[in-house]
Every structure is written in structure tokens, then in C-alpha cells.
Amino acid sequence: MDRTPLVVAATDGSPASTDALIEAADETARRDAELEIVFVWEWPAHERHAGYGDALRDRVERIRRDAVGVARARQPGIGIRCSVVHDTPVAGLLEVAKRADLLVVGSRGHGGFTGMLVGSVSLGLAGRASCPVLVVRSRVPADLPVLVGVVGEDSRPAVERACTEAESRRVGVIALHAWDFPEIPRSLLETQGAESPYHRAQEFARHVLAAAVSPIRERHPQVPVEERVVRAGPGAALVEASRDAGLVVLGRHRSPHHLGPRLGHAPIALLHHAHAPLLILPPD
């Protein structure tokens, strides 16, 4: 018997987590999944004291009821369950992620410092979770295209996921490859024309993008895919392109210097500045 997919939404009652909960309810309906709403509660010794512990439990119960109400109002037909995890937020949610098909979090919770653009919890989960993590900085219309960052052929799983997400939303995909090149004197460009190092680098960038996208495009002929080559840093290019996206998809890669996965500059830039929800995929 097939297992019902599980979407997990972390909540702490903050406005950011409410936005994430709404997005999680939509994802649950889109995937024919079940939604689990998780509240992670650290349990220092002083919380066991009479009165204080009771007040905290009442607060958790109020947040739970409100969260269920938000999700139920958004998607009345989905299955919902709730759980409370006694742990630090990152450790507790990393454990929950082991049984989830998707983990949805807000960009910041109640514990964030004023002026910080992304919380330590969402940053820690995006870099270490064993399942895909959807970080919701802001909610946007669902009819916008899915944006996927392409580095090379290693990005094919991200392109595949972007096409799958686009199918479920009935939108297209923007596959973006960013490249940079040192400034070249105009006189050199004029004398060498199409043979200049700049133009050769640009053609190579187009080739890299096409090589990564073409096999996936063939498997999803009904999804329109725009191949976009941009001369800029990857982080800046993806942040700018996310203005017109309904979802951004990026793969997380393994570090050449460490055994574990890592977040590169582009995912970190998007976690701080993306204009659309960001889906970060774990390495295969």
C-alpha cells in the first residue's frame, strides 16, 4: 500500500509562520498529502515550575488551535494532525524532517533579532534537512512561473523538480544560468567580435544551460521552459529574477572539503532576499 505523502509545517504563532502554514496547506492539497503542524518547544528546567509551565502549555494549545483553523480555512479537505516536539527548534525539526516529504517554515519566527532578514532556524534547516525545505519569505500569486537556478549538469534534479512543480501549478519554468566575466576594453570587443573571450564565454554559458535542461525538457514536453543566461553573480541574478516567480527551486550540493552538504552563496542570498518562496532540495 502506498504511503500518503506528508507535509510538515513548523509554527510558533508568528506572522511568518502563519504565511508558511498557508503555503503548506496549499502544498498539501496539491500533493494529495497529509499536513502535520509541528510546534517545537524547548523545555528548560524552570518550565516545569507550577504556574509557568501551565501558562506555556496554554500558549502552545492556543497556537495549535489557531494554526489548525488557518489551515482548515485555507484547504478544508486536507487531513491535519498536530504534534509538539520538546527540543531546540533546529534539532527538533531536523528529526521531524526525516519522516517528511516536505518541510515548510517561515523565514523568521518570534525568536528573531530585529533587522535580521532570515532566522537562524530556517537557515539551519535549509542547510541540513534530509527532505526538501520550503522557506516562505512572502506569499505570491500561484500563477507565476517556477524559477530554477542551474549551475551545470549537477542541477538536473533541481530542473526536474522545477518542471514537476510547474506541472502541478500549470505554469512554465524559467531555467537561469548566471555567469560572470572580467570587464573587457570596448576596443578589444570591437576588434575580435564574435571571437572575443567575452563572446566565447557567453556561448559556453548557453551550452552549459542547454546541456542541463534538454533531457528534462524532453520528459516534460507540456511545460514551457525559458532558458535564460544572465551575466551577473548567481545570487544577484536569482534574487532579481525571483521578482517574477511564484517559486524558486535550488539544489543543495555537497562541499568538496567536507562530507556533509552545504549552502552556497546563491541559496544564502535567496534566503535573505528572495521575492518568492524558496524550495531547497537536499543532495541525492
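For the structure, see preceding data.
The rules behind these values
What you see as residue numbers is a count from 1 along each chain, following the sequence as written. Note on the predicted model: pLDDT of at least 70 is required for a residue's local features to be given, and 80 or more for side-chain atom pairs to be given and counted; whole-chain, interface and lining totals, by contrast, use all residues. The basis for every side-chain value is the complete set of non-hydrogen atoms in the structure, without hydrogens or water. Relative accessibility decides the category of a residue: with a 1.4 Å probe and only protein chains considered, values under 20% of the type maximum give buried, values over 50% give exposed, and everything between is partly exposed. Secondary structure counts use DSSP, requiring at least four H or I residues in a row for a helix and at least two E residues in a row for a strand, with both numbered from the N terminus. Should DSSP find at least two bridges between two strands, the strands are regarded as paired. By convention, orient the strands away from the viewer: a clockwise path from the first strand over the helix to the second makes the crossover right-handed. Axes here refer to lines fitted to C-alpha atoms; in helices the fit is confined to the stretch in contact. Angles between the N-to-C directions go from 0 to 180 degrees.

Asker: I tried to follow the pairing of strand β7 (residues 173-179) on my own but got confused; where do I start?
Answerer: Side chains on a regular strand alternate between the two faces of the sheet. Along β7, seven of the seven residues are buried, which leaves the element largely enclosed by surrounding structure. The alternating pattern of β7 places V173, A175, H177 and W179 and I174, L176 and A178 on opposite faces, both of which are buried. With four bridges joining them, strand β6 (residues 146-149) and β7 adopt parallel strand pairing. Looking at β7, one finds that G149 is bridged to L176. Handedness of the crossover joining β6 and β7 through helix α5 (residues 156-169) is recorded here as right-handed. Sheet analysis places β7 next to strand β8 (residues 225-231), joined by seven bridges and oriented parallel. Note that in β8 the partner of H177 across the bridge is V229.

Asker: Whenever I open this one, the sheet that holds β7 confuses me. Can you help?
Answerer: Where strands meet in a sheet, backbone hydrogen bonds hold them as pairs that are either parallel or antiparallel. Taken in spatial order, the 10 strands make up an open sheet running β3-β2-β1-β4-β5-β12-β9-β6-β7-β8, and their pairing is mixed. At either end of the open sheet lies a strand with only one pairing partner, and these are β3 (79-85) and β8. Put simply, the sheet's adjacent strands are angled 25° from each other on average, direction ignored. With three bridges joining them, strand β1 (residues 6-10) and strand β4 (residues 102-106) adopt parallel strand pairing. When the sheet's bridge partners are listed, V7 is paired in β4 with L102.

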